[in-house]
Amino acid sequence: MIFSKEYKPSAKLTKYIECYWELKGAVADNEIMQEALIPGGRAEIVFTDSAFLWYGKDKNSKPVNYSSSFLLGQRDSVRFIGLRDQFRFFGIRFRSGCQSLFTINPADQYTNKLLLLSAIFPEEKEIFTNSALRNNNVEKIIRDIKNWLQEISTGETDDWAILQKCIVEIDSSNGEGAAVRELIYGFGWTYKKAERIFLKYTGYTPRTFMKVRRFTNLMEKSQDKTGRLIEKALDSGFYDQSHFIREFHTYAG
């Protein structure tokens, strides 16, 4: 049996965090449950001491074994993780462009990667011991994580604030290529400056970010079972069915 639940962040952090989430369960002995991690334009910090497998882009590759907390960077194509035995994970899902406000390095250093938190925050030993995870006290876990995030926050910048407005416009736009450039110029940026800021905060170029968000938004629309998926894809800015199928394979495997 698999248990999954999301929790809302505090008012102070809701601008930066989409949700906290918990996942726990068990896999039968000697079996592995492989999961596809579909890009959503967001990075996550995940606390765990459970054993799991990281396949990366190739689900048939020889996996790397891990059993400690990690940062899962934003992805530009599907990645694969394997769960086994008993497991429990507690995660922080950042909003697009927000993870780098809590880490020293720019977001593009984490794109498509899984990195152990001990390598990113070597001074933050106690938060990674996961003792809170073992006592099932979700309120305490969230409280400890909230306090930790507030301590390590690097603060907003003017560029970050403009970027967040640009993301809102991208989410409401179906454009690509030239349309993205026009949107960026509307915020007073050159494309080169926009590319630098997008890479720093989102880990993507502006065009790649737009493509990932377009797919993510379409998947959210597809939760409504009315209407055909291909019709929703065309309404979301995909050129034709082959264009949609090609990107669906890239992002969903």
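All values reported here derive from a predicted model rather than from experimental measurement. Residue indices begin from 1 for each chain and proceed along its sequence in written order. Per-residue local features are limited, in this predicted model, to residues with pLDDT of at least 70; the limit for side-chain atom pairs, both in listing and counting, is 80 or more; totals at the level of whole chains, interfaces and linings are taken over all residues. Side-chain numbers here rest on the full set of heavy atoms in the structure, without hydrogens or water.

A. View of empty space enclosed by the protein. Put simply, the grid is 1 Å and covers the protein atoms alone, a cavity is a trapped set of points that fit a 1.4 Å probe, a pocket is an open set with protein on both sides within 12 Å along at least five of seven lines, and lining residues have an atom within 4 Å of a point. Grid points are joined across faces, edges and corners, and a volume is the space filled by probe spheres set on the points. Applying the stated criterion across every chain yields a total of 2 cavities of 30 Å³ or more. Estimated volume of the largest cavity: approximately 40 Å³. Split by residue class, the lining of the largest cavity holds 4 nonpolar, 6 polar and 2 charged. Each residue is assigned to one class: nonpolar for Ala, Val, Leu, Ile, Met, Phe, Trp, Tyr, Cys and Pro, charged for Asp, Glu, Lys and Arg, and polar for all the others, Gly among them.

B. Structural context of the layout of surface pockets. One number sums up the size of the largest pocket: a volume of about 900 Å³. Considering the residues around the largest pocket, the lining is formed by 28 residues, among which Trp21, Ala36, Leu37, Glu44 and Arg93 are closest to the centre. Secondary structure elements follow DSSP: runs of H or I of four or more residues count as helices, runs of E of two or more count as strands, with numbering from the N terminus. Contributions of two or more residues to the lining of the largest pocket are made by β1 (2–7), β2 (17–26), β3 (33–37), β4 (44–47), β7 (70–72), β8 (79–83), β9 (86–94) and α7 (206–221). Among the elements that line the lining of the largest pocket, the one with the most residues is β2, at 5 residues. In terms of residue class, the lining of the largest pocket is made up of 16 nonpolar, 3 polar and 9 charged.

C. The arrangement of the sheet that holds β3 in detail. Two strands form a pair only when DSSP identifies at least two bridges running between them. Within the open sheet, the 4 strands sit side by side as β3-β8-β5-β6. Their pairing is antiparallel. Edge positions in the open sheet fall to β3 and β6 (64–66), since each of these has one partner strand only. Mean inter-strand twist for the sheet, computed between neighbouring axes without regard to direction, equals 30°. As judged from the 3 bridges shared by strand β5 (residues 52–56) and β6, these two strands associate in the antiparallel manner. Here the axes come from fitting lines to C-alpha atoms, over the contacting stretch only for helices, and the angles between their N-to-C directions go from 0 to 180 degrees.

D. View of the nonpolar core. Grouped together as the largest cluster of nonpolar side chains are 52 residues, with contacts concentrated most on Tyr20, Ile45, Ile92 and Leu149. If one sorts the elements of this core by residue count, helix α3 (residues 138–152) sits on top with 7 residues. Whether two residues touch is decided by their heavy atoms; if any such pair falls within 4.5 Å, the residues are in contact. Beyond its immediate stretch of four places on either side in the chain, isoleucine 45 contacts Phe70, Leu71, Phe90, Gly91, Ile92, Phe94, Leu117, Phe121 and Trp148. Throughout, nonpolar core names a set of buried Ala, Val, Leu, Ile, Met, Phe, Trp, Tyr and Cys residues whose side chains join them through atoms within 4.5 Å. For each residue, the accessible area found with a 1.4 Å probe, counting protein chains only, is set against the maximum for its type, and the residue is called buried under 20%, exposed over 50%, and partly exposed in between. Ranked by size, the runner-up nonpolar core spans 14 residues in total, among them Val46, Phe52, Leu72 and Phe89.

E. Summary view of the sheet that holds strand β10 (residues 114–116). Pairing is antiparallel across the open sheet formed by 6 strands, whose spatial order is β1-β2-β9-β4-β7-β10. Pairing within the sheet leaves two strands with one partner each, and these edge strands are β1 and β10. Mean inter-strand twist for the sheet, computed between neighbouring axes without regard to direction, equals 20°. Here 9 bridges tie β2 to β9, and the two strands are oriented antiparallel to one another. From the neighbouring strand, lysine 24 faces β9, where its bridge partner is arginine 88. The strands that α3 touches are β1, β2, β4 and β9; relative to β9, the one it contacts most, it runs at about 40°.

F. Here's a closer look at the environment of tyrosine 201. Turning to its location among the elements, tyrosine 201 is positioned in helix α6 (residues 191–201). Taking the C-alpha atoms as reference, tyrosine 201 lies 5.7 Å from serine 100; in sequence the two are 101 residues apart. Those residues in contact with tyrosine 201 that lie beyond four places of it in its chain are Gly97, Cys98, Ser100, Leu101, Ala107, Thr157, Asp159, Trp160 and Leu163.

G. Quick peek at the pattern of salt bridges. Here, a salt bridge means any Lys or Arg side-chain nitrogen found within 4 Å of an Asp or Glu carboxyl oxygen. Considering all chains together, one arrives at 10 salt bridges under this definition. Between lysine 24 and glutamate 22 there is a salt bridge, with the nearest N and O atoms lying 3.9 Å from each other. By relative accessible area, lysine 24 is classed as partly exposed at 29%. Bridged by salt links that share partners, the residues Glu6, Glu18, Arg42, Glu44 and Arg93 form one connected network.

H. Just α3, in detail. With 15 residues, α3 should reach 21 Å at 1.5 Å per residue; the first-to-last C-alpha distance of 21 Å fits that figure. Taken together, the buried positions of α3 are occupied by Val138, Ile141, Ile142, Ile145, Trp148, Leu149 and Ile152. Buried positions in α3, seen along its axis, are confined to an arc of 130° and lie on one side of it. Looking at α3, the residues exposed on the side facing more than 90 degrees away from the buried face are Glu139 and Glu151. Here the expected span of a helix is defined as 1.5 Å times the quantity of residues minus one. Throughout, the arc means that of the directions going from the helix axis to the C-beta atoms.

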